[in-house]
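Descriptive structure summary
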Amino acid sequence: MTAQTFHILCLPGDGVGPEVIHEARQTLDLIASSRPVEFVWSEAAFGGAAIDAHGVPLRDEDADLAANSDSVLLGAVGGPKWENVAPEIRPEAGLLGLRQRLGLFANLRPIKVLEALVDASPMKAEIVRGTDLLIVRELTGGIYFGKPSEQMETSEGRSAVDTLVYSEIEIQRLIDLGFELAKGRRNKVTSVDKANVMASSRLWRTIANEVAERHPDTQLEHALVDSCAMRLLLRPTDYDVMVMENMFGDILSDEAAVLAGSLGMLPSASLSGRKPIREGTSAVQFGMYEPIHGSAPDIAGQNKANPCGAILSAAMMLRISFGLDGEANAIESAINATLEDGIRTADLPLPGSQPVGTTEFGDKVRAHLGRVLGS
Ligand code: IPM
Ligand code: MG
């Protein structure tokens, strides 16, 4: 059988980014060694690493490389070293620019509390057990990108403005995707807004209702973001798919991460809905995949980071961009089995057992994966 070939651009980034990405990449290479698939890797500096090497967080030619790949695997960007660089070349500006350049309007952040980690959450086990929700965050609009966004001098002193603007098209395509995703799950969509105060939220709610009419089998509920933030910690199992604008999603997804025990556990996918443009590719959909956690400069270079978020992001890539569901499931089972064995990185302490390092955890996952793939 001829191998399907997929081109992946790897952007390891800063801090622990390169360490966790190394584990994800090894895991994908193990898949390639036992299945008729081939991954062709390229790599570019991103974020602070690119500022150091090239003076900008992402070179144009590397952004082009990303657009021409079948998918992108990203570590994390930023760190105290680049805190004082000009705002337009900050590592974060590179990330926002790349999201926009690639048209990645939908950010999928699944929060699943694994049975093996129920006790690792700082929340009570009876609250978090069974949590399985999917945050679908709008990623290329809203207050992150609205103009004007600036600070100015006025006769009354300094003043600053940010602008929250959404078009109908931006809202509709995101909510549509949320409804599509709910079909493969428990068929419930929670639309999060602040419609009691904000005009953009009132439009959001109107459009959510319109989209819901086209999906009569899916339940839609509206939730105000403030009370939703509370219910997310009190009754997280109430939620299935949650759709929301950019900044609400930024905030609620970090909050929801607490449920899973550690930010280090969580993967994400950012999608544009477009097919890859590389000629002859068998990939079904372009995407950028990254763990939710940041660059964690305090533990960088110490082999301490949890590689689960990155490895699970690789699994999302296999499923969503390459249509390799079986292989994605195999990775997820291998992570599960490793955690069930009581093997954990330092962010998930287990009383009476020593944490393992990033590379050791990755090796254990691949040992399980090798068995799953071999059988
Ligand atoms: C995230 C991050 C980014 C965001 C930062 C690094 C720009 O917090 O992916 O959630 O705010 O979107
Ligand atoms: Mg964030």
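Refer to the preceding data block for the structure.
**Observations regarding the packing of helix α6 (residues 168–183) against helix α7 (residues 199–213)**
- Where α6 contacts α7, the axes come no closer than 9 Å and their chain directions differ by 45 degrees. Accordingly, the angle class assigned to the pair α6 and α7 is oblique. For the pair α6 and α7, the sense of crossing is right-handed. Two secondary-structure elements touch here, α6 through E168, I171, Q172, L174, I175, D176 and F179 and α7 through S200, L203, W204, I207, A208, V211 and A212.

**Quick word on the pairing of strand β4 (residues 106–112)**
- Most of β4 sits inside the fold, with five of its seven residues counted as buried.
- With seven bridges joining them, β4 and strand β5 (residues 132–138) adopt antiparallel strand pairing. Residue L108 lies in a different strand from β5, and its bridge partner there is V136.
- As paired strands, β4 and strand β11 (residues 267–271) are joined by three bridges and run antiparallel to one another. Within the sheet, the bridge partner assigned to N107 lies in β11 and is S270.

**Observations regarding the site of ligand 1**
- Surrounding ligand 1, one finds E92, R99, R109, R137, Y144 and D250.
- Both domains that furnish three or more residues to the shell around ligand 1 are identified here as domain 1 (1–121 + 263–375) and domain 2 (124–260).

**Topic: the nonpolar core**
- In terms of nonpolar packing, the biggest core is built from 89 residues, with F39, L108, I175, M242, L318, F322 and L339 touching the most fellow members.
- In terms of residue count, helix α10 (residues 308–321) provides more of this core than any other element does, ten residues in total.
- Of the domains in this structure, domain 1 (1–121 + 263–375) and domain 2 (124–260) are the two that each give at least three residues to this core.
- Leave out the neighbours within four places in its chain, and L339 touches L114, A116, L117, M265, L348 and F361.
- With 17 residues, the next largest nonpolar core counts F46, V77, L95 and M288 among its residues.

**Some points on the layout of surface pockets**
- Taken as a whole, the largest pocket spans an internal volume of roughly 740 Å³.
- Lining the largest pocket are 27 residues, with P110, R185, M316, R319 and E332 positioned closest to its centre.
- Where the lining of the largest pocket is concerned, the elements lending two or more residues are β4, β5, α6, β11, α10 and α11 (325–340).
- Of the residues in the lining of the largest pocket, the class split is 19 nonpolar, three polar and five charged.

**Notes on the pairing of strand β10 (residues 241–244)**
- Burial of the side chains of β10 extends over both faces: V241 and V243 are buried on one face and M242 and M244 on the other.
- Strand direction decides the pairing type here: β5 and β10, joined by four bridges, are parallel. If you follow V136 over to β10, its bridge partner there is V243.
- As judged from the three bridges shared by strand β8 (residues 188–193) and β10, these two strands associate in the parallel manner. Counterpart to V189 in the pairing with β10 is V241.

**Points about α7**
- In a regular helix each residue adds 1.5 Å, so 15 residues correspond to 21 Å; α7 covers 22 Å between its end C-alpha atoms and thus fits that length.
- Summarising the contacts, the buried residues of α7 are in contact with β5, α6, β8, β9 (219–224), β10 and α9 (246–257).

**With respect to the sheet that holds β8**
- The ten strands lie next to each other as β2-β1-β3-β12-β11-β4-β5-β10-β8-β9, forming an open sheet whose pairing is mixed. Only two strands of the sheet have a single partner each, and these edge strands are β2 (37–43) and β9. The mean angle between the axes of side-by-side strands here comes to 25 degrees, regardless of whether they run parallel or antiparallel.
- The sheet contacts of helix α8 (residues 225–234) involve β5, β8, β9 and β10, and relative to β9 the element is tilted by about 105 degrees.
- Set on the sheet, α9 makes contact with β4, β5, β8 and β10; between it and β5 the angle comes to about 155 degrees.

**Quick look at helix α4 (residues 91–101)**
- Among all positions of α4, only P91, G94, L95, L98 and R99 are buried. Along the axis of α4, the buried positions cluster into a sector of 135 degrees, meaning they face one direction only.
- Just past α4, the residue G103 takes up positive phi, approximately 65 degrees.

**Structural notes on the pattern of salt bridges**
- Across all of its chains, the model carries 23 salt bridges by this definition.
- Residues D62 and R59 are paired through a salt bridge, measuring 3.2 Å at the closest nitrogen-oxygen approach.
- Between R185 and D240 there is a salt bridge whose closest N-O contact spans 2.8 Å. Linking R185 in the loop between α6 and β8 with D240 in the loop between α8 and β10, this pair joins segments that are 55 residues apart in sequence.
- Given the relative accessible area of 1%, D240 is considered buried.
- Here the salt bridges share partners, and the residues they tie into one network are K188, E221, R231, R235 and D238.

Procedures and definitions
Residues numbered from 1 in each chain as written. Chains lettered and ligands numbered in written order. Predicted model: local features only at pLDDT ≥ 70, side-chain atom pairs only at ≥ 80, totals over all residues. Heavy atoms only, no water. Axes fitted to C-alpha atoms, helices over the stretch in contact; angles between N-to-C directions. Helix = DSSP H or I, 4+ residues; strand = E, 2+ residues; numbered from the N terminus. Parallel < 35°, antiparallel > 145°, perpendicular 65-115°, else oblique. Left-handed = near helix turned anticlockwise from the far one by under 90°. Contact = heavy atoms within 4.5 Å. Buried < 20%, exposed > 50% of the residue type's maximum accessible area, 1.4 Å probe, protein only. Pairing = 2+ DSSP bridges. Near = heavy atom within 4 Å. Domains from an automatic or database assignment. Core = buried A, V, L, I, M, F, W, Y, C linked by side-chain atoms within 4.5 Å. 1 Å grid on protein atoms, 1.4 Å probe; cavity = no way out; pocket = protein on both sides within 12 Å on 5 of 7 lines; lining within 4 Å. Points joined across faces, edges and corners; volume = space filled by probe spheres on them. Nonpolar A, V, L, I, M, F, W, Y, C, P; charged D, E, K, R; others polar. Expected span 1.5 Å × (residues − 1). Arc of directions from axis to C-beta. Salt bridge = Lys/Arg side-chain N within 4 Å of Asp/Glu carboxyl O.

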